[in-house]
Each structure stands twice: as structure tokens, then as C-alpha cells.
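# Observations on the three-dimensional arrangement
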Amino acid sequence: MTVEQLEVLPDAARTIEGLRDTGYDFLTAVADIVDNSIAAEATRVVVRVSLAMDGELEVSVADNGYGMDRDELLNAMKYGSRVRETPSSLGKFGLGLKTASTAISRQLTVITRPRNLQGTYAAQWDLDYVEAENRWFLRLPEPSPHEVAVLEEAAGSNAGTVVIWRKIDRLLPSSYRDSMGAPARKALAKTVESLRGHLALTYVRYLTGANDRPPVEIELNDEPVKPWDPFWTAGSELLLDKEVKVDIDGNPAAMRLRAHVLPPRSELSDDQLREADIRADTQGFYVFREDRVISSGGWLGMFKVEPHLSLCRIDFSFDHRLDDALQIDIKKSRIRMLADLQDHIRRLITPARAEATERYRKNQRSEITDQAPGVHAASNSAVGNHIGTLSRSTVTVTGPDQAKVANPRGEVVISIPTIAQADGGPYVVVVEELADGMLWRPGIVEQKNAVLLNAGHPFYQRAYAALNGTPVGVQAIDFLLWGLCEAELWAVSEDEREHMTAVRREVSRIARELSMVLPEVEALAS
């Protein structure tokens, strides 16, 4: 039986407009075009974002790659172009050139010169023209002198290609497009700098010629793009370097994990801080497909981003053989892992995460104690002004970390830390740690009754950091904890001595657990 069949073409106007919304932003869209340049074996890529005096934006990406003849150009401009011969190519689905370009602009023009130098060809998708005709009409204009000049800026008189975006309607807000004054130019300059950073990271291994790749020069608005190494290998410590072998439908493949832990910010110079860029949102995985970054920062859904892990960065590298297993999307900007693979990776990187946390915490405790005199200065002054009416017990130091307390219950000898001198005390003093992980405890500082606060306790790190710059809040907690210490000294006896310590230990435990609900802030951290 013969079955009737019809070729049903999609509506040109609606489809080409709908394909604008595939999730690209300006940074990922430009990078997709640069991918094509690198796939064409370009060693020089020139990116230009310009704003004409009449307010019209133009974005161009020119290269000195192998270029295309007429048939190759027509294939490249086809939605769903033929599969590349090299599976390791940075191009993947045959859609990126078109969807990336039209995500930002309504007119895409490609001018190219093939390796045999026989002619210079142009092709153009103009969404307004397609919608007016409601046909898949690809225009083939003659290259203009301006377009040829933009091509030759990267390729000279040799082979190469330039992609030009015009009718740009999704780069700046509409209010800027209507009035191309100073605010619009400022916004555009900021976007260009964001693009520079994106290119510096995305193509770091191409810019540096890593892994025996020929180095690629990328220029943005007449300035070279300098590579940014997210692992700051000049000063970080490599704690894990492991190849993870996987089997994909009977075909062997592998990924490599390298865990880097950076030094705390306090140990770096200003120049080193700029190079390392240690922030909460730069921690986590940097995923490289064929040496091109497709995901940067964060933990791929495995863990939350938290300040205490800002020193930990993971190099996760693989090649095209894992594309399907990791579900690489059209923008090459997202991966998804199977649960068992995710669990395996989580176990491998746990030691590096723990080491990064410990370095951060240790440095944080040190910085907190350094800053403490200023943070608690108002509390020390207030307690000192009222000490005569507040303290109702007499404490006499009888030896190292030992004192005799006289209170309404009698006299008792207790163990109590004694500190001869402390910056910013003597009533509220921050120390790097306290025994048993306690949040606070009584102490004697410069012969005065004091509260010692544990800089390593999460309550201090989270609650006090959140209140930094709010003196009244800091004073309120200081007064409460100093008052608890005074009450303990006033009530302690031979029978109650251990009970008092147990209560303090239990409150510290509860405060530790509850403080984890509070957001971790970096106000007092490094």
C-alpha cells in the first residue's frame, strides 16, 4: 500500500523568529562565532564592537582561518548545516552561527575568501526580509568595501572569514537604543569589558597554546585579549590530578580532574589578587571541552556556593567523545552528569574541598583576631566605664590559667585563661580558638574580668560578620556574653563549677548548629 507523503515546510517568519530564543546571551553568542574561527584553524581573530555616530551598532568577528568557497558558505548559512568532518571541532550542531547571531541581531552577514583565493563571497540572513516574504530567502549580496576591509583586518589578502551583525536589537536596553548618548556608550563599554573577560577565560588554553595547540591571538577593539588562568597555577597547590575512565557504548573515553587550592587573599599582593580573582562566585568547576571552557564556577549542582570554598577550583576536562554522555547543549555552555558519575567525582574532590575550607577558616580566624580590637572597641569602652557597678565577684589570679573567685557562695579556685596583655581589650577579647570549640568563656585579661570570644566558632564568623559596620549590634552581643561570664563568676562554686562549663559547652554546640542557618558573609573573612 502506498502511503501519501508531503513535505511540510515550517513557516519561515515564525520559525526564524522563534529560533532567536535558544538561550544565548551576548557573551555566549560571540564565543560561538569565535568557535567557528578556531574550528577553521585561525591563528588570529579580530572582534570589534562599534557604535556609529548615527547610533547603529555593529559587531564583527574576523579571522584568518581557511575560509569557504561558495558552496561551503551556503552550507554554513543553512539551518542545520552538514556535520563537520572533524568530531573534535568546537562547532557541534550546525546551528550556532545562525542562532547565536540572530539571538542578538536581525541581520547576519558572512563574507569569506577560500584558501584558493578564487573570489570573495557574501551571504546574508535578514530577518526583516524573511518575515516580509515569509520565505527562506538567503540573500547573496556583493561584499561592500567596508566588509572586505573588516575581513582583511584579520586575514590580510589571504583566506579568512568575517561574521557581521547589524540591526542589533538585543544588546542594549531599548531606552539606550532610542537615545545613543553617554549612558548608552558607557553601558556598551561595560559590555565590551565583560566580553573581554569572557574571552580571556573561555579560550585561555588557545591563547596560551596549551596542550600542544597552536596559539591563537584574539583582539577585541584593537587590544589583545590576555588569557586568564582560573587556577592561578603560578601560586596554587595541585591536590588532585586524576584521569577518570568511562565507557560510552563500548567505546573508551576519559575525563581529567585536577583540584587546585589557592592561597588566602591575605597572603597575596595586589597584583596577585587581581590575577587570582578570589571570590565566592569564582570557586568550583571549570569545565573544558576540547580545551574550551563551557562552564565556569559553581559546583554543577553537587554543592552550594559558599565563601569558605572560595579557594577551591576544579579543572574538569574532556573531549568530544563524552558529548552525549554529558548532554552538551547547543550553546556548549551546560553539562549534565549521570548520578553515579556525579557521585564518583564528588568523592574524588572532597579532600581538596576540605583543605580549601581549612585554609580559608585558618586565615579567617587570623584576620578576625587582627580586626577584633576595632570591632569591639566600643564594647570595651562601655564596659570599662561601668565596671564598678557591674562586677560583683572578686577574682584573684593565683597562677598560670588559674584564679581564686570570691562570690556570695564563698571562695573557689577555678581554671581560667589568663592573658597578660591583649590589643583592644581588656573586657572583650577575641582569640583564634577556645578549647572544646566553645563560643565564649570567662578569662582574665590584664587583671580584668573578660569574655574571650572564639574567632573559629561559626556563630562568631556569621553573626558578627553580618553585624560588621553596625556597632550597636556588635555591642549588644558583646554585652550579653560578657554578662554571662560575670554571672558565671558570681554563681560558681565547688559544686557548680563543672555544671557551669557544661552549660557553656552545650549552648556553644546549639549556637554552632543554628548559626549554620545564617548566610556566610565575607565581611570579616579573606
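This section reports on the structure supplied with the text. For every chain, the first residue of the written sequence is number 1, and numbering continues from 1 along that sequence. Totals for whole chains, interfaces and linings use all residues, but because this is a predicted model, local features are given only for residues with pLDDT of at least 70 and pairs of side-chain atoms are given and counted only at 80 or more. Calculation of side-chain values draws on the structure's entire complement of heavy atoms; hydrogens and water are dropped beforehand.

Here the focus is the pairing of strand β4 (residues 121-126). Only protein chains enter the area calculation, which uses a 1.4 Å probe; residues under 20% of their type maximum are buried, those over 50% are exposed, and those in between are partly exposed. Secondary structure follows DSSP: runs of H or I at least 4 residues long count as helices, runs of E at least 2 residues long count as strands, and numbering of each begins at the N terminus. In terms of burial, β4 is a largely internal element, five of the six residues being buried. Two strands are counted as paired when DSSP detects at least two bridges linking them. Pairing between strand β3 (residues 105-113) and β4: six bridges, direction antiparallel. For Ile 111, the partnering residue across the bridge sits in β4 and is Ala 122.

Another point: helix α14 (residues 471-491). In this model α14 runs 30 Å from its N-terminal to its C-terminal C-alpha over 21 residues, within 8% of the 30 Å that 1.5 Å per residue would give. Burial in α14 covers these residues: Gly 473, Val 474, Gln 475, Ile 477, Asp 478, Leu 481, Trp 482, Cys 485, Glu 486, Glu 488, Leu 489 and Ala 491. To estimate how far a helix should reach, multiply one less than its number of residues by 1.5 Å.

What follows covers the packing of helix α12 (residues 377-390) against α14. The axes are straight lines fitted to the C-alpha atoms, using for helices just the contacting stretch, and the angles between their N-to-C directions are given from 0 to 180°. The contact between α12 and α14 brings their axes to 10 Å, and the two run at 40 degrees. Taken as a pair, α12 and α14 cross one another with a handedness that is right-handed. Between α12 and α14, the residues in contact are Ala 378, Ser 379, Ala 382, Val 383, Ile 387 and Leu 390 and Val 474, Gln 475, Asp 478, Phe 479, Trp 482 and Glu 486, respectively. Grouping the amino acids of the contact of α12 with α14 by side-chain chemistry returns eight nonpolar, two polar and two charged. With the far helix as reference, a near helix turned anticlockwise by less than a right angle produces a left-handed crossing, and one turned clockwise produces a right-handed crossing. Contacts are assigned to residue pairs with any non-hydrogen atoms lying within 4.5 Å of each other. Three categories are distinguished: nonpolar for Ala, Val, Leu, Ile, Met, Phe, Trp, Tyr, Cys and Pro, charged for Asp, Glu, Lys and Arg, and polar for the others, with Gly belonging to the last.

Judged by pairing direction, the sheet is antiparallel, and its three strands sit side by side in the order β13-β14-β15 without closing on themselves. Because the sheet does not close on itself, it has two edges, and the strands there are β13 (394-399) and β15 (410-415). Averaged over all neighbouring strand pairs, the angle between strand axes comes to 25 degrees, with direction disregarded. Looking at chain direction, strand β14 (residues 402-407) and β15 are connected through six bridges and run antiparallel. Looking at β15, one finds that Val 405 is bridged to Val 412. Contacting β13, β14 and β15, α14 runs over the sheet at an angle of about 75 degrees to β14.

Once that is clear, we can look at the packing of aromatic side chains. The pairing test for Phe, Tyr and Trp rings, Trp by its six-membered ring, is centres within 6.5 Å, and the orientation test on the planes gives stacked under 30 degrees, edge-to-face over 60, and tilted for anything in between. For the coordinates displayed, the defined rule picks out 14 aromatic pairs. Between the aromatic rings of Trp 125 and Trp 136, the centroid separation amounts to 6.1 Å while the plane-to-plane angle is 90 degrees, which identifies the pairing as edge-to-face. Here the residue Trp 125 occupies a position in strand β4, and Trp 136 occupies one in the loop between α5 (127-133) and α6 (145-155), the gap between them amounting to eleven residues. The class for Trp 125 is buried, based on a relative accessible area of 5%. When its relative accessible area of 32% is taken as the criterion, Trp 136 is described as partly exposed. Members of the aromatic cluster, each reached through a chain of ring pairs, are Phe 285, Trp 299, Phe 303, Phe 316 and Phe 318. A cation over an aromatic ring shows up here: Arg 205 above the ring of Phe 288, its NZ or CZ 3.5 Å from the ring centre. Two conditions define a charge located above a ring, namely a distance within 6 Å from the ring centre to NZ of Lys or CZ of Arg, and an angle within 35 degrees of the ring normal. A cation over a ring is seen here: Arg 353 above Phe 303, with NZ or CZ 3.5 Å from the ring centre.

Purely spatial values, then, with no claim about function.
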